[in-house]
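Architecture at a glance
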Amino acid sequence: MTQNKLVRWTAHYLPAIGLFVGFILLWQLAVTVFDIREYLLPGPYAVWQAMLSDEIPWLAHSWITGVEILGAFVLAGVAGVALGMAIAWSQGISRALTPFLVFVNTLPKVAIAPLFLMWLGYGILPNMLIGALIGFFPVVINTAVGLTQIDQDMVDLGRVFSAPKWKVFLKIRIPNAYPYILSALKVTATSAVVGAVVGEFVASQKGLGYVIITTQSSMNTPAAFAALVWISVLGLLLYGLVALLSRLLAPWAEEAPR
């Protein structure tokens, strides 16, 4: 990395790093000044110690939750893009699907989670499905918008060259929708985390959500906070992966340090 690139990279990420550092310092200051007991609010150092402790198998629990999050994200992305393409392809399909998808999206996911567990039993799959159910709707909407909100002159140009509808869709509409889809996938990356952990809250025997439930019952608050931090780390990793994919597929829509 050249010096110029290093300066731009630092300028790009320094505000976020400064915000994190400032938050941790304020957190530690509040705990120290107000002498808050650890079972109510542990300090950052206590949480850090809990994150590195061998008392809880963090790697095993993080692996389970990570697989659930990734599975939920992939399911939501694939289903959302497919449904969005179907809505954009035909007005008849749009009129049939849109009310049903809105209905499904308004269902309380916490109430649906026990049904998935009853139908599918304990394990990774029901938590994946809960996460996918929470995260797929933004992908559907953004995909449909990206496929339909396009310069009509581009579509007319395809018709001038006698391009069939599927070819216009593939060569013109889908590339136009990349920024919309990738933007929705960033939202879904965080929604998948929420959904997977909600599933673990309802009923699970492994995973970071299970750790939070068990440590809260034993008043081991530092470990509960440590599990929250590990969940956030998984979410940041997935979000970063989507951001990297966005820069590769739609660099014109990204502001990246150079």
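All of these numbers come straight from a predicted model, not from anything done at the bench. (Residues numbered from 1 in each chain as written. Predicted model: local features only at pLDDT ≥ 70, side-chain atom pairs only at ≥ 80, totals over all residues. Heavy atoms only, no water.)

Let us look at a nonpolar patch on the surface. Together, Leu115, Met118, Trp119, Leu120 and Leu125 make up an exposed nonpolar region whose accessible area comes to about 550 Å². Top contributing element to the nonpolar patch by residue count: helix H5 (residues 109-120), with four residues. Mapped onto the elements, Met118 comes out in helix H5. Look at Met118 and you get exposed, because its relative accessible area is 61%. (Patch = residues over 30% accessible without salt bridge, like charges linked within 9 Å, V, L, I, M, F, W, Y side chains within 5 Å. Areas by Shrake-Rupley, 256 points an atom, 1.4 Å probe, with all protein chains shown as cover. Salt bridge = Lys/Arg side-chain N within 4 Å of Asp/Glu carboxyl O. Helix = DSSP H or I, 4+ residues; strand = E, 2+ residues; numbered from the N terminus. Buried < 20%, exposed > 50% of the residue type's maximum accessible area, 1.4 Å probe, protein only.)

When two helices pack together, their arrangement is given by the angle between the helix axes and the distance between those axes. Closest axis-to-axis distance for the helix H4 (residues 91-106)/helix H6 (residues 124-148) pair is 9 Å, and the angle between their directions is 145°. Both H4 and H6 take part in a crossing whose hand is left-handed. Seen from H4, the contacting residues are Leu101, Val102, Val104 and Asn105; seen from H6, they are Leu133, Phe136, Phe137 and Val140. Residues belonging to the contact of H4 with H6 are distributed by class as follows: seven nonpolar, one polar and no charged. (Axes fitted to C-alpha atoms, helices over the stretch in contact; angles between N-to-C directions. Left-handed = near helix turned anticlockwise from the far one by under 90°. Contact = heavy atoms within 4.5 Å. Nonpolar A, V, L, I, M, F, W, Y, C, P; charged D, E, K, R; others polar.)

Next up on the list: the packing of aromatic side chains. The tally for this structure, following the rule as stated, stands at three aromatic pairs. Plain terms: the ring middles of Phe23 and Trp27 are 6.0 Å apart, the flat faces sit at 45° to each other, and that makes the pair tilted. Of the two residues, Phe23 and Trp27 are both situated in helix H1 (residues 3-33); the distance of four residues between them amounts to about one turn of the helix. Summarising the aromatic geometry, the rings of Phe136 and Phe137 are spaced 6.3 Å apart at their centres and angled 80° between planes, so their arrangement reads as edge-to-face. Looking at Phe137, the relative accessible area reads 16%, which means it is buried. (Phe/Tyr/Trp six-rings, centres within 6.5 Å; stacked < 30°, edge-to-face > 60°.)

Moving on to the nonpolar core. Ranked by size, the top nonpolar core spans 35 residues in total, and within it Trp58, Ile69, Phe73, Leu185, Ala226 and Ile231 carry the most contacts. Sorting the residues of this core by element identifies H1, helix H2 (44-52), helix H3 (58-89), H6, helix H8 (165-202), helix H9 (208-217) and helix H10 (221-249) as the ones contributing at least two each. Ranked by residue count, the leading element in this core is H8, at twelve residues. If near-sequence neighbours (up to four positions away) are discounted, Phe73 is found in contact with Leu185, Thr188, Ala189, Ala192, Leu238 and Val242. (Core = buried A, V, L, I, M, F, W, Y, C linked by side-chain atoms within 4.5 Å.)

Bringing H2 into the picture now. Along H2, the positions that sit buried rather than exposed are Pro44, Ala46, Val47, Ala50 and Met51. Down the axis, H2 shows its buried residues gathered within 160° of arc, on one side only. Relative to its buried face, H2 has exposed residues pointing more than 90 degrees away, namely Tyr45 and Leu52. (Arc of directions from axis to C-beta.)

This part is about H6. Its 25 residues place the ends of H6 36 Å apart at the C-alpha level, agreeing with the 36 Å of an ideal helix rising 1.5 Å per residue. The principal kink in H6, of about 35°, is found at Gly135, preceding the proline Pro138 by one to four residues. (Expected span 1.5 Å × (residues − 1). Bend = angle between axes of the 7 residues up to and from the residue.)

Low-pLDDT portions of the prediction should not be read for the details of their coordinates. With 87% of its residues at a pLDDT of 70 or more, the chain has an overall mean of 83. Element-level mean pLDDT values for the chain span from 64 in helix H7 (residues 152-160) up to 92 in H3. (pLDDT = per-residue confidence, 0-100.)

A few words now on the side chain of Asn127. Along the chain, Asn127 turns up in helix H6. By relative accessible area, Asn127 is classed as buried at 1%. When residues no more than four places from it in sequence are discounted, the contact partners of Asn127 are Glu68, Gly195, Ala196, Gly199 and Glu200.

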